[in-house]
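Architecture at a glance
The lines below spell out each chain.
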Amino acid sequence: MTDVATSIAARGRPRDPSIESRVFDAAMAQYAEAGWSGFNFESVARKACVGKASLYRRWPTRGELLRHTLQARWLTVSCIDTGNIRGDLEELARMIARTLTGPYSEAHARISLDSARHPEMLDFLRPYSDDTIRHGRAIVRRAIARGEITPATNPGLMMDMVVGAVTNHIRTTPARLRGVMMAKMQDFVSELVEAVLRGVRATDMTENDKKDRGVSA
């Protein structure tokens, strides 16, 4: 009995599985509110109602904490795989819309500004940024492999068209029209993706027509 009690005491208290979730919520809220200059372990720990020691055990630096927070609470493109290009692009567009209109939407502008003002941010956010871009382009490459779109399709350009269109639509819509915009967001997403895919098909038809006529592309 003594040996069992000693073993339990040596292991310490069980790790609280809810801590990371609370910390990510608190860290995302803190960054959206205060940006990089106001993002620190003390403020995040206070919001999450955890001790700073719990944060340091998991994330040695505030940069790593922010990177893991964005991976968990910002754009998680890696989870998109509906099995077809239309479904994937629509889910991506909806994810962008939810992110840019959600409770942490202010983080979008802060990331751009802070990256310019604090070059060190680029170093610790690069793995997250690179992964997001890679998973986005993988959507297009999977569609090419399935034969849904032409191999000549530029993955980066297609991502720019979808992400850029949703971002611009949200950022240029006046606050007084936000409710209407959100009510019609699914229609906007469907029309956007159809326009992008129609453009890809038109390009494919043009290339095939050139080949049929023996014209060099």
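Thresholds applied
Residues numbered from 1 in each chain as written. Predicted model: local features only at pLDDT ≥ 70, side-chain atom pairs only at ≥ 80, totals over all residues. Heavy atoms only, no water. Helix = DSSP H or I, 4+ residues; strand = E, 2+ residues; numbered from the N terminus. Buried < 20%, exposed > 50% of the residue type's maximum accessible area, 1.4 Å probe, protein only. Contact = heavy atoms within 4.5 Å. Areas by Shrake-Rupley, 256 points an atom, 1.4 Å probe, with all protein chains shown as cover. Salt bridge = Lys/Arg side-chain N within 4 Å of Asp/Glu carboxyl O. Core = buried A, V, L, I, M, F, W, Y, C linked by side-chain atoms within 4.5 Å. Expected span 1.5 Å × (residues − 1). Polar contact = N/O pair within 3.5 Å; in protein donor to acceptor, adjacent residues only side chain to side chain. 1 Å grid on protein atoms, 1.4 Å probe; cavity = no way out; pocket = protein on both sides within 12 Å on 5 of 7 lines; lining within 4 Å. Points joined across faces, edges and corners; volume = space filled by probe spheres on them. Phe/Tyr/Trp six-rings, centres within 6.5 Å; stacked < 30°, edge-to-face > 60°. Lys NZ or Arg CZ within 6 Å of the ring centre and 35° of its normal.

This paragraph deals with the overall build of the protein chain. Each helix and strand in the protein chain was counted, giving eleven helices and zero strands. Secondary structure elements of the protein chain, listed N to C terminal, follow the sequence α-α-α-α-α-α-α-α-α-α-α. Residues classed as buried in the protein chain amount to 37% of the 217 residues present. Put simply, 67% of the contacts in the protein chain that link residues at least 6 apart link residues at least 24 apart. Element-wise, carbon and sulfur atoms account for 54% of the exposed surface of the protein chain, whose accessible area totals about 12500 Å².

Bringing the environment of Ser 21 into the picture now. Within the secondary structure, Ser 21 sits in helix 2 (residues 19-34). Ser 21 gets classed as partly exposed once you look at its relative accessible area, which sits at 35%.

Time to look at the pattern of salt bridges. Pairing between side chains of opposite charge can happen when their charged atoms approach one another. This model, assessed by the stated rule, comprises 14 salt bridges. The partner of Arg 142 in a salt bridge is Asp 88, with the nearest N and O atoms 3.3 Å apart. Taken together, the residues Arg 142 in helix 8 (residues 120-146) and Asp 88 in helix 6 (residues 85-101) connect sequence positions 54 residues apart. Residue Arg 142 is classed as partly exposed on the basis of its relative accessible area of 25%. Judged by its relative accessible area of 0%, Asp 88 falls in the buried class. In this structure, the salt-bridge partner of Asp 123 is Arg 126, at a minimum N-O distance of 3.4 Å.

Okay, the nonpolar core next. By size, the foremost hydrophobic cluster in this structure holds 57 residues, and its most contacted members are Val 23, Leu 66, Trp 74, Leu 89 and Met 158. Mapped onto this core, the elements with two or more residues apiece are helix 2, helix 3 (41-48), helix 5 (62-73), helix 6, helix 7 (106-117), helix 8, helix 9 (155-171) and helix 11 (185-212). The dominant element in this core, judged by the number of residues it contributes, is helix 2, at nine residues. In this structure, Leu 89 is in contact with Ile 139, Met 158, Met 159, Val 162, Val 193 and Leu 197, ignoring residues within four places of it in sequence.

Spanning 17 residues, helix 9 covers 24 Å between terminal C-alpha atoms, matching the ideal 24 Å at 1.5 Å per step. If you check which residues of helix 9 are buried, you get Pro 155, Gly 156, Met 158, Met 159, Val 162, Val 166, Thr 167 and Ile 170. The N-cap of helix 9, judged by a side-chain oxygen 3.0 Å from the amide nitrogen of Gly 156 a few residues on, is Asn 154.

Quick look at the layout of surface pockets now. The calculated volume of the largest pocket comes to roughly 690 Å³. Lining the largest pocket are 27 residues, with Leu 75, Ser 129, Thr 132, Ile 133 and Val 163 positioned closest to its centre. Broken down by secondary-structure element, the contributors of at least two residues to the lining of the largest pocket are helix 6, helix 7, helix 8 and helix 9. By residue number, the principal contributor to the lining of the largest pocket is helix 8, which donates ten residues.

Under the defined criterion, the tally for this structure stands at five aromatic pairs. With centroids separated by 5.0 Å and ring planes inclined at 35 degrees, the aromatic side chains of Trp 36 and Phe 124 adopt a geometry described as tilted. Remark: Phe 124 occurs in helix 8 and Trp 36 occurs in the loop between helix 2 and helix 3; sequence separation between them is 88 residues. Here Trp 36 falls in the buried class, since its relative accessible area comes to 4%. Judged by relative accessible area, which is 16%, Phe 124 ranks as buried. Every member of this aromatic cluster is reached through a ring pair, and the members are Tyr 31, Trp 36, Phe 39 and Phe 124. Stacked on the ring of Trp 36, the Lys or Arg Arg 62 has its end atom at 3.6 Å from the ring centre.

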